[in-house]
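# Secondary and tertiary structure notes
Here is what each chain is made of, one letter per residue.
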Protein chains: 4
Amino acid sequence: MPRMTAADIDALLAASFPQARGFCAIEAIRDDELDCVVRYRDAFLRPGGTLSGPTLMTLADTAMYFLVLAMTGPQPLAVTSSLTINFLRKPPPADLHATARMLKLGSRLAVGEVHLRGGDEPRVLVAQASVTYALPAAA
Amino acid sequence: MPRMTAADIDALLAASFPQARGFCAIEAIRDDELDCVVRYRDAFLRPGGTLSGPTLMTLADTAMYFLVLAMTGPQPLAVTSSLTINFLRKPPPADLHATARMLKLGSRLAVGEVHLRGGDEPRVLVAQASVTYALPAAA
Amino acid sequence: MPRMTAADIDALLAASFPQARGFCAIEAIRDDELDCVVRYRDAFLRPGGTLSGPTLMTLADTAMYFLVLAMTGPQPLAVTSSLTINFLRKPPPADLHATARMLKLGSRLAVGEVHLRGGDEPRVLVAQASVTYALPAAA
Amino acid sequence: MPRMTAADIDALLAASFPQARGFCAIEAIRDDELDCVVRYRDAFLRPGGTLSGPTLMTLADTAMYFLVLAMTGPQPLAVTSSLTINFLRKPPPADLHATARMLKLGSRLAVGEVHLRGGDEPRVLVAQASVTYALPAAA
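Since we're looking at a predicted model, the values are computed, not measured. (Residues numbered from 1 in each chain as written. Chains lettered and ligands numbered in written order. Predicted model: local features only at pLDDT ≥ 70, side-chain atom pairs only at ≥ 80, totals over all residues.)

## Notes on the interface of chain C and chain D
Much of the literature gives interface size as the accessible area that the parts lose upon coming together. Between chain C and chain D, the residue contacts involve 25 residues of the former and 25 residues of the latter. Secondary structure elements with two or more residues in the side of chain C that touches chain D: strand S3 (45-46), helix H2 (53-72) and strand S5 (79-87) of chain C. The element contributing the most residues to the side of chain C that touches chain D is S5 of chain C, with nine residues. For S5 of chain C and strand S5 (residues 79-87) of chain D, the ladder comprises five bridges, and the chain directions are antiparallel. By the bridge assignment, Asn-86 of chain C is partnered in S5 of chain D with Ser-82 of chain D. (Contact = placed C-beta atoms within 7 Å. Helix = DSSP H or I, 4+ residues; strand = E, 2+ residues; numbered from the N terminus. Pairing = 2+ DSSP bridges.)

## Looking at the sheet that holds strand S7 (residues 109-118) of chain B
Sheet strands line up and pair through hydrogen bonds in the backbone, either parallel or antiparallel. Pairing within the open sheet is antiparallel, and its twelve strands lie in the order S1(A)-S2(A)-S6(A)-S7(A)-S8(A)-S5(A)-S5(B)-S8(B)-S7(B)-S6(B)-S2(B)-S1(B). A single partner strand is all that each edge strand has here, and the edge strands are strand S1 (25-29) of chain A together with strand S1 (25-29) of chain B. On average, adjacent strands in this sheet sit at an angle of 20° to one another, irrespective of strand direction. In this structure, strand S6 (residues 96-105) of chain A lies alongside strand S7 (residues 109-118) of chain A, joined through nine bridges in antiparallel fashion. (Axes fitted to C-alpha atoms, helices over the stretch in contact; angles between N-to-C directions.)

## Description of the pairing of strand S2 (residues 33-38) of chain A
Here is the key point about a regular strand: its side chains alternate between the two faces of the sheet. Residues and elements named next belong to chain A. Burial of S2 is one-sided: the residues Leu-34, Cys-36 and Val-38 facing one way are buried, the residues Glu-33, Asp-35 and Val-37 facing the other way are not. In this structure, S1 lies alongside S2, joined through four bridges in antiparallel fashion. The partner of Ile-26 across the bridge, within S2, is Cys-36. Two successive antiparallel strands, S1 and S2, enclose a turn made up of three residues. Pairing of S2 with S6 involves six bridges; the strand directions are antiparallel. (Buried ≥ 20, exposed ≤ 12 C-beta atoms within 10 Å, placed from the backbone.)

## Observations regarding the relation of the copies chain C and chain D
Structural alignment of chain C on chain D gives an RMSD of 0.0 Å, achieved by rotating through 180° and translating 0.0 Å along the axis. Both chain copies can therefore be described as sitting about a two-fold axis. Taking C-alpha positions as the reference, the residue of chain C nearest the rotation axis is Thr-84 of chain C, at 2.1 Å. Mapped onto chain D, 100% of the interface residues of chain C again fall at the interface, so both copies present the same surface. (Least-squares fit on C-alpha atoms with pLDDT ≥ 70 in both.)

## What to know about the confidence of the model for chain A
Chain-level pLDDT for chain A is 95 on average; 99% of the residues reach the 70-or-more range. Overall fold confidence (pTM) sits at 0.97, and the ipTM for the predicted complex is 0.96. (pLDDT = per-residue confidence, 0-100.)

## A look at the sheet that holds strand S8 (residues 125-134) of chain C
An order of S1(C)-S2(C)-S6(C)-S7(C)-S8(C)-S5(C)-S5(D)-S8(D)-S7(D)-S6(D)-S2(D)-S1(D) is seen for the twelve strands of this open sheet, with the pairing classed as antiparallel. Strand pairing shows two members of the sheet lacking a second neighbour, strand S1 (25-29) of chain C together with strand S1 (25-29) of chain D, which therefore form its edges. Going across the sheet, the axis of each strand differs from the next one's by a mean of 20°, ignoring polarity.

## Observations regarding the pairing of strand S8 (residues 125-134) of chain D
All names here are of chain D. By the criterion of burial, S8 is predominantly enclosed, with eight of the ten residues buried. Here S5 pairs with S8 via eight bridges, running antiparallel. Counted as the bridge partner of Ile-85 is Ala-129 from S8. The sheet contact formed by strand S7 (residues 109-118) and S8 spans nine bridges and is antiparallel. Opposite Arg-117, over in S8, you have Leu-125 as the bridge partner. The turn joining S7 and S8, which pair antiparallel and follow one another in sequence, is formed by six residues; a positive phi near 60° is taken by Gly-119.

Here's what the structure looks like:
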């Protein structure tokens, strides 16, 4: 029973956060989880032929932002308050998949875990993150 | 006694990591510290009129990368192994400054702390990060 | 196919790390996961009638240590290199359960995720941690 | 202009958090910083002859708790909401010193940085932590 669909979130971005639009695409929204994907671009590469750290961090942060929106409704002013990411394996130059899962959704803070997977091996994690969002006070 | 100057690092990026070039500019390199700055662009904005989380994370990661290069020499294959960032205050829509400081430089891991400051208040932190880089084995 | 059983780990602690013995008990070891439990003691309480932060952090760190031992064999010199913990809910004054899961086991670093659950609600997380251990060089 | 002295904090612990009393001693309180020390005990040792990770994590958390009390007044219900620690060097079997510094003190969250130093080398960090406390709502 999400409060926003992928189309709702895209429309919200178009209206209030165009800079973030188009970076990644939502693939599925479940009760307390969300899947999204970043399509490979050469601009994401770094030395060694892998995807850059900022690409992975941006995906972890964005996946959690979308999950917060899906579970709480349109509040674009939710902001990251902290993020920890562990890089586990070098992601191949290919699409990058994220699954965000809500661990706690309080009235003021949302805490989630994000798993990133890359390339053709959907079971192999390339990074793991925990992300906390501060939620705006209810209107 | 840094092993690379700002010009050396820029030349290394031009040769091996063009995607990262031009994001931020090194302002000073001291023994175990480095200052750099990101010039404001509208593309960094997010709802609320502040700079986006990925902009701050990318700066923290990049400042530490440059510090690793400055202190260890040209090894572009150094990669982030973990990063934790705490967002403290909303950065104004203005230039963003980073100071990275090395806490431990071992043979395999480098650990540093990055302080981010924004706008016209150079004493006010907008974010604090700790970043660990894995260093390639010596040739 | 763990390399050490719960009894093996207890014998190793008795021989080389008696200070850590008796804090928590291993309940199960699976391929890349380990469950353990801390039995409630009043000494773990803090104001508010909940278990203290250090109790939870010690359990997260210990669960990951045991998992490293189970998966790599008797190397008591494995040491924590970083730990991040998010406290999600106040744990009730009761037993505290941990499940550690290995995300990456390299030759030099092991990275895992630990979920802590408390009291009578085995599905409700009270804390989530990521823990990195540095492994001693192979003899 | 701290709101509590070391003696005030000790009296508060005696009244409301006796389990935490005696672990470490406050040495100095400045505007937004606090120094404290843990006296060496054999119980803190781990294999390799160094101080255990939980000893360092407990000190980082406690130093930040005391700083929150010093800066906000007697509110023992302030609780840790997240902690990240990077272990930098193996601390010698000796006293362990902590300096906690407040980075942001908001109405709901306090974020600080803690530096741990060990033994006879007061300039050498053995660990660095960032700690966030959730503050109870004002009465």
